[in-house]
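# Working through the structure, step by step
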Amino acid sequence: MPSPARNSGLPADSRVRASPAGAPDGPAAAARAPGDEPGGGAAGSAAGSASGSAARGAGAPVSALRRATLLTLCACVLVAQSMVAAINLLIPQLTSSSLHLTHSAVLWTVDAYVIAFAGLLIPAGALGDRHGRKGALLAGLALFAAGAATSALATGPALLIAGRGLSGAGAALITPATVSILVHLTTPQHRARALASWTLAIGLGGLAGNLGGGLVGQYLSWRALFAVMVPLAAALAAAVALAVPRTARAALGNPDPLGTVLLTAGLVAALSGIIEGPAYGWGSPRIVAAFAVGALLVALFARHALRSPAPLFDPRVFARPRLRAATLGTATGFFGLFALFYVNSQYPQGIKGYGAALTGVAIVPLTVGMALVPRLAARWSDRPRPVIGGGLALIGLGLLGASTADAGTPYALYACWLLVISAGTGLSMPALTVGVVTSLPPHQAGLGSGLGTSAREVGAALGVAVTGTVLSAHQGAHALADGMAPALRVVALLVLAATAAVVTGYGRDGGRERRPGRSAGPGARRRAGRGAA
């Protein structure tokens, strides 16, 4: 683990990438990440040398990422993300189903996926780094399919919830593996664009989940949603086997089972408290105990990791201002986005009178900015501070605008505020993803992705929890109409306050990404400092 005192933007070995055969290539074949193992044979080495020579001749490295690989990886994360949102529009069906779900069982059906997903992301990312990212991706798709089949065939609440948790564990393997593979197959010049496509896939996953859940809720049985995921996951696994190359692994060592258990259990306990806080009350013994247990287990993990010769990850990585700022920014963006998702799934139905299918369509404007803006943001990838600050500010301002919507608001006006939020998300999220992933060496890209995606899920859970808490303070027939405006205003103000902290954090670490090949000497640092200002 590099010293946390080194805050140099892109790590020194960030230009290392894997050729389609799996062998590292680049300007020097020996310049692979510390501890990485070669991933190919003689043919791979020859391909690496050839591509390295071509890169030297052209004056810039060429990305090893193929279009088919990028599309396959984005499709995997899209499907994994879609299952977070799809279930929300099926709650009426589940409540009246033959399984006779109680209110608590419905909540666990919705939350089991998110808790398993977010709680396992960090160890799953580290597992992929150490034992193979492509293997982790295939294993995740298999778990995802097995969980979906279990839920589709469930004869009682326990099996339904278990299937959701199993699918969430699969998603925890899928998501960091996709980012880690992208990082290893792209050069720094191409990385921002590739990660912008990955971010778009997450946004499209939310759209697909809302559309799919709405259509199933209106025209089909809830079992159809889970059943269709089984052949879909199988098709994705076949595509991964054919289109995705293997990448060099990190140094093999102790998998740190104790650290994995402590961190996972701590995150699960904390997430359970966040998710269930609005239902049981933030001061209830159950919620206080969940937070206390979570804090204790995370503290024990930190103590163990600082003493272990081969920890799951070194907590001192958070000494890097950029990593802290990017992690907070990621959580902030999804905090605002999922607060909106929570309200947007109810506002069209409860206030505007739309049906389930039309409600799913109503969120479509949120994908427009996510699709178009990242390509513009990629051009400014060396100036993350204004890009991230501007994007997060747009999310906060868009939420303030959406808080003015009521029953008489034309949908076109409401959609305009969705477009503002969408543009902010498309502007900030690719740069934040790059900021988290490149704060760690390339051989720990899976761990970096796990940290970033954990921040996303924690932020999302907090967004839903805060919004739900404010809404619950309003009772009666017009509770949603009365509570929507103050809920979105509270979230918007928190987003704007956190944005200031994120921008400040990026300023401390130099606001401009270091370009490959640029000197890291004092002159370069002075130029970076002027760019940050």
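Calculation notes
Per chain, residue numbering runs from 1 following the sequence as it is written. A pLDDT threshold of at least 70 governs which residues receive local features in this predicted model, and a stricter bar of 80 or more applies before side-chain atom pairs are shown or counted, although totals over entire chains, interfaces and linings include all residues. Hydrogens and waters are ignored; side-chain quantities use all the structure's heavy atoms. Per the convention used, a helix needs a DSSP run of H or I reaching at least four residues, while a strand needs a run of E reaching at least two, with both numbered from the N terminus. Only protein chains enter the accessibility calculation, which uses a 1.4 Å probe; a residue is then buried when its area is under 20% of its type maximum, exposed when over 50%, and partly exposed in between. Note on contacts: a residue pair qualifies if any of its non-hydrogen atoms lie within 4.5 Å across the two residues. Here the open area of atoms and residues is found with the Shrake-Rupley method and a 1.4 Å probe, where only the protein chains shown may cover a residue. Put simply, two rings from Phe, Tyr or Trp (the six-membered ring, in Trp's case) pair if the centres are within 6.5 Å, and we call them stacked under 30 degrees between planes, edge-to-face over 60, tilted for the rest. Consider the ring centre and the ring normal. A charge sits over the ring if Lys NZ or Arg CZ is within 6 Å of that centre and within 35 degrees of that normal. Each axis is a line fitted through C-alpha atoms, and for a helix only the stretch in contact is used; angles between axes span 0 to 180 degrees, taken between their N-to-C directions. Under this scheme an angle from 65 to 115 degrees is roughly perpendicular, one under 35 degrees roughly parallel, and one over 145 degrees roughly antiparallel; angles in between are oblique. Each helix crossing is assigned a hand: it is left-handed if the near helix lies turned anticlockwise from the far helix by less than a right angle, otherwise right-handed if that turn is clockwise. Following the grouping adopted for this structure description, the nonpolar residues are Ala, Val, Leu, Ile, Met, Phe, Trp, Tyr, Cys and Pro, the charged ones are Asp, Glu, Lys and Arg, and the polar ones are all others, Gly among them. Expected helix span is taken as 1.5 Å per residue step, with the number of steps being one fewer than the number of residues. In these notes, a set of buried Ala, Val, Leu, Ile, Met, Phe, Trp, Tyr and Cys residues joined through side-chain atoms within 4.5 Å is what counts as a nonpolar core. Only residues whose relative accessible area exceeds 30% and that take part in no salt bridge are eligible for patches, with like-charged residues grouped when within 9 Å of each other and nonpolar side chains (Val, Leu, Ile, Met, Phe, Trp, Tyr) grouped when within 5 Å. A carboxyl oxygen of Asp or Glu within 4 Å of a side-chain nitrogen of Lys or Arg is what we treat as a salt bridge. You can read pLDDT as the predictor saying how much it trusts each residue, on a scale of 0 to 100. Disulfide assignment relies on a single distance test, namely cysteine sulfur atoms paired within 2.5 Å.

The subject of this paragraph is the overall build of the protein. Regarding its fold elements, the protein presents 19 helices and 2 strands. Split into buried and exposed, the 533 residues of the protein put 56% on the buried side. Restricting the contact set of the protein to residue pairs at least 6 apart, pairs at least 24 apart contribute 81%. Summed over its atoms, the accessible surface of the protein is roughly 20,000 Å², and 67% of this surface lies on carbon and sulfur atoms.

Take the packing of aromatic side chains next. All chains considered together, the criterion is met by 5 aromatic pairs. Here Trp-282 and Phe-291 contribute two aromatic rings whose centre-to-centre distance is 6.2 Å and whose plane-to-plane angle is 10 degrees, an arrangement assigned as stacked. Judged by its relative accessible area of 30%, Phe-291 falls in the partly exposed class. Ring geometry for Tyr-411 and Tyr-414: centres 6.2 Å apart, planes at 50 degrees, overall tilted. One end of the pair is Tyr-411 and the other is Tyr-414, both in helix α16 (residues 411-437) and 3 residues apart, which spans about a single turn. A cation over a ring is seen here: Arg-286 above Tyr-280, with NZ or CZ 4.4 Å from the ring centre.

As a further point, take the packing of helix α11 (residues 321-344) against helix α15 (residues 384-402). Taken N-terminus to C-terminus, the directions of α11 and α15 make an angle of 25 degrees; their axes are 10 Å apart at the nearest point. If you check the angle between α11 and α15, you find them roughly parallel. Taken as a pair, α11 and α15 cross one another with a handedness that is left-handed. On α15, the residues touching Arg-322, Gly-329, Gly-333, Gly-336 and Leu-340 of α11 are Pro-384, Leu-392, Ile-395 and Leu-399. Residues that form the contact of α11 with α15 fall into these classes: 5 nonpolar, 3 polar and 1 charged.

Looking now at the packing of helix α4 (residues 103-131) against helix α6 (residues 157-185). Relative placement of two packed helices is described by the angle separating their axes and the distance separating the axes. Between α4 and α6, whose axes approach to 6 Å, the crossing angle comes to 35 degrees. The interaxial crossing formed by α4 with α6 has right-handed handedness. Residue composition of the contact of α4 with α6, grouped by class: 19 nonpolar, 7 polar and 2 charged.

Taking 1.5 Å per residue, 20 residues should reach 28 Å; helix α2 (residues 67-86) reaches 28 Å between its end C-alpha atoms and fits that length. The buried fraction of α2 amounts to 15 of the 20 residues, a majority that puts the element mostly inside the structure.

Turning our eyes to something else, we now look at the nonpolar core. Nonpolar side chains in soluble globular proteins tend to be buried together. With 126 residues, the main nonpolar core has Phe-313 and Leu-399 as its most contacted residues. In terms of residue count, the dominant contributor to this core is α4 (12 residues). When neighbours within four sequence positions are excluded, Phe-313 is seen to be in contact with Ile-122, Leu-263, Phe-301, Ala-305, Phe-318, Leu-447 and Leu-451.

For Trp-108, the location among the structural elements is in helix α4. For Trp-108, a relative accessible area of 27% translates into the label partly exposed. Between the C-alpha atoms of Trp-108 and Arg-164, which are 56 residues apart in sequence, the distance is 9.0 Å. When sequence neighbours within four positions are dropped, the list of residues in contact with Trp-108 reads Ile-115, Ile-161, Ser-272, Glu-276 and Arg-286.

Attention shifts here to the environment of Leu-225. Among the structural elements, Leu-225 can be located in helix α8 (residues 222-243). You can call Leu-225 buried: its relative accessible area is 6%. A C-alpha to C-alpha distance of 9.3 Å links Leu-225 and Leu-90, two positions 135 residues apart in sequence. If we skip the residues at most four places from it in the chain, Leu-225 touches Met-83, Ala-86, Leu-90 and Val-216.

Side chains of Leu-215, Tyr-219 and Leu-220 sit close together on the surface and give an oily, nonpolar patch of about 340 Å² of accessible area. Relative to the assigned elements, Leu-220 resides in the loop between α7 (188-219) and α8.

We now examine the environment of Gly-329. Secondary-structure assignment places Gly-329 in helix α11. Non-local contacts of Gly-329, meaning those with residues more than four positions away in its chain, are made with Leu-392, Met-429, Leu-432 and Val-502.

Right, let's get into α15. The first and last C-alpha atoms of α15 sit 27 Å apart over 19 residues, in line with the 27 Å expected at 1.5 Å per residue. Of all the positions in α15, only Pro-384, Val-387, Ile-388, Gly-389, Gly-391, Leu-392, Ile-395, Gly-396, Gly-398, Leu-399, Gly-401 and Ala-402 are classed as buried.

Attention now goes to the side chain of Thr-72. The residue Thr-72 is located in helix α2 in this model. Here Thr-72 falls in the buried class, since its relative accessible area comes to 9%.

Our next topic: the confidence of the model for the protein. Residues of the protein with pLDDT of at least 70 account for 77%, and the chain-wide mean is 75. Contacts for the low-pLDDT stretch residues 1-62, under 50 throughout, to residues beyond four places or in other chains number 115 contacts. Contacts for the low-pLDDT stretch residues 510-533, under 50 throughout, to residues beyond four places or in other chains number 41 contacts.

This brings us to the state of the cysteines. Per the stated rule, a full pass over the model turns up 0 disulfides. Take Cys-74: it sits in no disulfide, and the sulfur closest to it among the cysteines is that of Cys-76, at 9.2 Å.

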